Protein chains: 2
Amino acid sequence: MTETAPRPTLEAVAALAGVSRATVSRVVNGGAGVREQLVERVRRAVEQLGYVPNQAARSLVTRRHDAVAVVIAEPETRVFADPFFALQLRGISKELTEHDCQLVLLLTEGRDDHARVARYLAGGHVDGALVFSLHLDDPLPRLIRGAGVPTVFGGRPGWGNGARGTTPTLYVDSDNRGGARDAVRHLVGLGRTRVAHITGPLDQTSAVDRLDGYRDVMEDADPRLVVEGDFTPAGGERAVRQLLDRCPDLDAVFAANDLSASGALRALRAAGRRVPEDVAVVGFDDMLPVAEQTDPPLTTVRQDTEEMGRLMAGLLLRGRGRRGGGRQAGEDAEGTPSGVVLPTKLVRRVSA
Amino acid sequence: MTETAPRPTLEAVAALAGVSRATVSRVVNGGAGVREQLVERVRRAVEQLGYVPNQAARSLVTRRHDAVAVVIAEPETRVFADPFFALQLRGISKELTEHDCQLVLLLTEGRDDHARVARYLAGGHVDGALVFSLHLDDPLPRLIRGAGVPTVFGGRPGWGNGARGTTPTLYVDSDNRGGARDAVRHLVGLGRTRVAHITGPLDQTSAVDRLDGYRDVMEDADPRLVVEGDFTPAGGERAVRQLLDRCPDLDAVFAANDLSASGALRALRAAGRRVPEDVAVVGFDDMLPVAEQTDPPLTTVRQDTEEMGRLMAGLLLRGRGRRGGGRQAGEDAEGTPSGVVLPTKLVRRVSA
């Protein structure tokens, strides 16, 4: 059948399958209440004629599901505790809904469940996957590659230059290193000389990149001024207690995200340090309402988290258009990373 | 086959199907590289003998996906803003993970997307659905019934006595009416006589049941003491402003959930009323950390939200075991509601 041939009708399918129009319609809309044998017969007729009346039939022919999976490589408890994920999901949800595509969030209790996630991805339930919050030693990218679905990553994958794949791995990220440089330069510009850094978990590239940005500016800093955090408020509190113990003369803190900055502020207050008079504090994310409701309101580096989600979904949907021919978006999950990197912006409030 | 009969072997399947052991094994593990005709023959032998060697074979026999969908009839923005949903999902996630079953959360932007959710459910991607936060005029239950998947509801469905279906609709709920009675009796026991009630959205049975519990105790109360809220902090603030306007002499507020109680506390403070001296306040949920972190800490009615999620998942998984024979859990989504109702408990803190 050429592109210009008349589109086959529902009647033609019914005639070829030897069933009623209503039966074809029921099969095409899900097949509920139709005997399996008839479903099969209609399906064959649909395929033979290339009948594409609507979404359901298109799915029969093209095996498109109009559904995209989102996999966050964190336990569900963290997914719901960190507003970063909600924001990224909001962007993804908006973009997918505009394309009448179902968002399928695959939750897990932790890393042990990632093989099951990969099985679901491989099971023909979705057209592609959006994956974020990768950790360096997580088997997830390998498992997802095995599942054979187009994938776009949120955040730069960590395998970087070691990649042997030929197809680029698509990702969307913020300029984490540049944003961190801006934060630390701002603190230095305020006359601060003992600038500490609370990192994120260093098995994530966003945390590594922000640490690199800090080091770009603070080349000769006392290494004891850097403490590893975990992107949570409790981690920020712990880190500040540790920092005050090691370097009681610190006069500024750059925290790798707003949640850990909020914990840092609490710990500084508990230790009797005034912010920003004694210790200036800068966060990262501009996560609202967190960043506005801290005491004092937080100076931070804004990244457009929702837009990152939107872009990830958009890239994946565009890749999906190429299915069945040509290269698929991210089909080799350890291909050379090829990313869209969004700019960041310093937002001044009271804490620095 | 009775429960005590020996389990059929791979060899028995091969003999009955007239193929090699290796072919049975290949079919049982997905069927790649085996002619469709042979796959069919093996499948029939597997079914005839009731051979259940492992997950893959079980899926062949039962068409089981080892995945359960969760549908929350709210826009994704509310799903992530209200910790109630996170808690219920935690219970569901734990239970499903214990059964190596994938939690598939279907997010939407709102009611307009519910038809798409139903299409996904009908598409053979999950073994069943857990549905919560139903609103009375939502087409979702009807759509889900059309999708033909076993369903368990969180919260009593609203169609109640009007149901014409023959199969009971399974649901899990808390004793909303009894809990509300306890809350209001506690306030009356403190000597309060002008007890106001901020309801939830009255198109949800949980809100209606809590209002009924309030009325059980406050039979002759001034009707102006009841204001409709929406389960959000902002709704609680609005309601208190309205109440103070209408009934400035009120001396107690029972809010239908902790989030609206937190807003009520803020509005009371803003109006110069002391809690509990001038106005005693009781919430519902015992949502932590919200209920502990309000100023003052909130007296409230505890419901075991996480356990509700666990029970929902457990009921669905048990129903799944009956697939292919007997009645399926919730196969008629408007059957007579038949529920498991969990007890509630008053938790005293400072606010009342």
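Residues numbered from 1 in each chain as written. Chains lettered and ligands numbered in written order. Predicted model: local features only at pLDDT ≥ 70, side-chain atom pairs only at ≥ 80, totals over all residues. Heavy atoms only, no water.

What about the relation of the copies chain A and chain B?
Thinking step 1. Turning chain A through 177 degrees and shifting it by 1.3 Å along the axis lays it on chain B, with an RMSD of 2.3 Å. Both chain copies can therefore be described as sitting about a two-fold axis.
Thinking step 2. When the interface residues of chain A are mapped onto chain B, 97% of them again fall at the interface, so both copies present the same face. (Least-squares fit on C-alpha atoms with pLDDT ≥ 70 in both. Contact = heavy atoms within 4.5 Å.)

Remarks on the pattern of salt bridges
Thinking step 1. Taken as a whole and assessed by the stated rule, the structure comprises 52 salt bridges over all chains.
Thinking step 2. Measuring nitrogen to oxygen at the nearest pair gives 3.3 Å for the salt bridge that ties B:Arg238 to B:Asp230.
Thinking step 3. Classification of B:Arg238 by relative accessible area gives partly exposed; the value is 45%.
Thinking step 4. A relative accessible area of 28% means that B:Asp230 is categorised as partly exposed.
Thinking step 5. Within the structure, one salt-bridge network assembled from shared partners comprises A:Asp100, B:Asp113, B:Arg116 and B:Arg119. (Salt bridge = Lys/Arg side-chain N within 4 Å of Asp/Glu carboxyl O. Buried < 20%, exposed > 50% of the residue type's maximum accessible area, 1.4 Å probe, protein only.)

Considering the environment of A:Val347
Residues and elements named next belong to chain A.
Thinking step 1. In this structure, Val-347 sits in strand E12 (residues 345–347).
Thinking step 2. For Val-347, a relative accessible area of 12% translates into the label buried.
Thinking step 3. As a C-alpha pair, Val-347 and Val-282 span 65 residues in sequence and 9.4 Å in three-dimensional space.
Thinking step 4. The contact partners of Val-347, leaving out residues within four places of it in the chain, are Asp-286, Leu-298, Thr-299, Thr-300 and Arg-302. (Helix = DSSP H or I, 4+ residues; strand = E, 2+ residues; numbered from the N terminus.)

Some remarks on the packing of aromatic side chains
Thinking step 1. Within the structure shown, the criterion is met by five aromatic pairs over all chains.
Thinking step 2. Ring geometry for B:Phe84 against B:Phe85: centres 5.8 Å apart, planes inclined by 85 degrees, an arrangement best described as edge-to-face. Of the two residues, B:Phe84 and B:Phe85, neither departs from the other in class, the shared state being buried.
Thinking step 3. Feature note: the residues A:Phe84, A:Phe85 and A:Phe132 constitute an aromatic cluster, connected by ring pairs. (Phe/Tyr/Trp six-rings, centres within 6.5 Å; stacked < 30°, edge-to-face > 60°.)

Section: the pairing of strand E3 (residues 128–132) of chain B
Residue and element names in this part refer to chain B.
Thinking step 1. Most of E3 is tucked away: five of the five residues are buried.
Thinking step 2. The side-chain alternation of E3 yields two buried faces, one formed by Gly-128, Leu-130 and Phe-132 and the other by Ala-129 and Val-131.
Thinking step 3. Bridging between strand E1 (residues 67–72) and E3 involves five bridges; their strand directions are parallel. Bridged to Val-68 within E3 is Gly-128.
Thinking step 4. Sheet topology note: the E3/strand E4 (residues 151–154) ladder contains four bridges and is parallel. Following the sheet pairing, Leu-130 is matched in E4 by Val-152.
Thinking step 5. With respect to chirality, the unit in which E3 leads through helix H8 (residues 140–147) into the neighbouring parallel E4 is right-handed. (Pairing = 2+ DSSP bridges. Right-handed = clockwise from strand over helix to strand, strands pointing away.)

Overview of the sheet that holds strand E10 (residues 299–302) of chain B
Residues and elements named next belong to chain B.
Thinking step 1. Across the sheet, six strands lie side by side as E7-E6-E8-E9-E10-E12; this open sheet has mixed pairing. With partners counted over all chains shown, the strands left at the sheet margins are strand E7 (226–228) and strand E12 (345–347), one partner each. Pairwise comparison of adjacent strand axes, ignoring direction, gives a mean angle of 20 degrees for this sheet.
Thinking step 2. The pairing of E10 with E12 spans three bridges and is classified as antiparallel. What sits directly across from Val-301, in E12, is Leu-346.
Thinking step 3. Packing against the sheet, helix H9 (residues 176–189) makes contact with strand E6 (195–199), strand E8 (252–255), strand E9 (280–285), E10 and E12, and its axis sits at approximately 165 degrees to E9. (Axes fitted to C-alpha atoms, helices over the stretch in contact; angles between N-to-C directions.)

With respect to the interface of chain A and chain B
Thinking step 1. The interface of chain A with chain B comprises 32 residues on the first partner and 32 residues on the second.
Thinking step 2. Summed over both sides, the interface between chain A and chain B buries roughly 2800 Å², with carbon and sulfur atoms accounting for 53% of that surface.
Thinking step 3. Looking only at chain A, the three residues that lose the most surface to chain B are A:Phe80, A:Gln102 and A:Arg116, adding up to 24% of its buried area.
Thinking step 4. We note a salt bridge from B:Glu76 to A:Arg90, for which the minimum N-O separation is 3.7 Å.
Thinking step 5. At the boundary of chain A and chain B, one finds 17 residue pairs in polar contact (both at pLDDT 80 or more).
Thinking step 6. At the level of elements, helix H5 (76–81), helix H6 (83–98), strand E2 (102–107) and helix H7 (114–122) of chain A are the ones that each hand at least two residues to the side of chain A that touches chain B.
Thinking step 7. Broken down by class, the residue content of the side of chain A that touches chain B amounts to 15 nonpolar, nine polar and eight charged.
Thinking step 8. Relative to strand E2 (residues 102–107) of chain B, E2(A) runs antiparallel, the two being bridged by five bridges. Of the residues in E2(B), the one forming a bridge with A:Leu107 is B:Leu103. (Buried area = accessible area lost by both parts, 1.4 Å probe. Polar contact = N/O pair within 3.5 Å; in protein donor to acceptor, adjacent residues only side chain to side chain. Nonpolar A, V, L, I, M, F, W, Y, C, P; charged D, E, K, R; others polar.)

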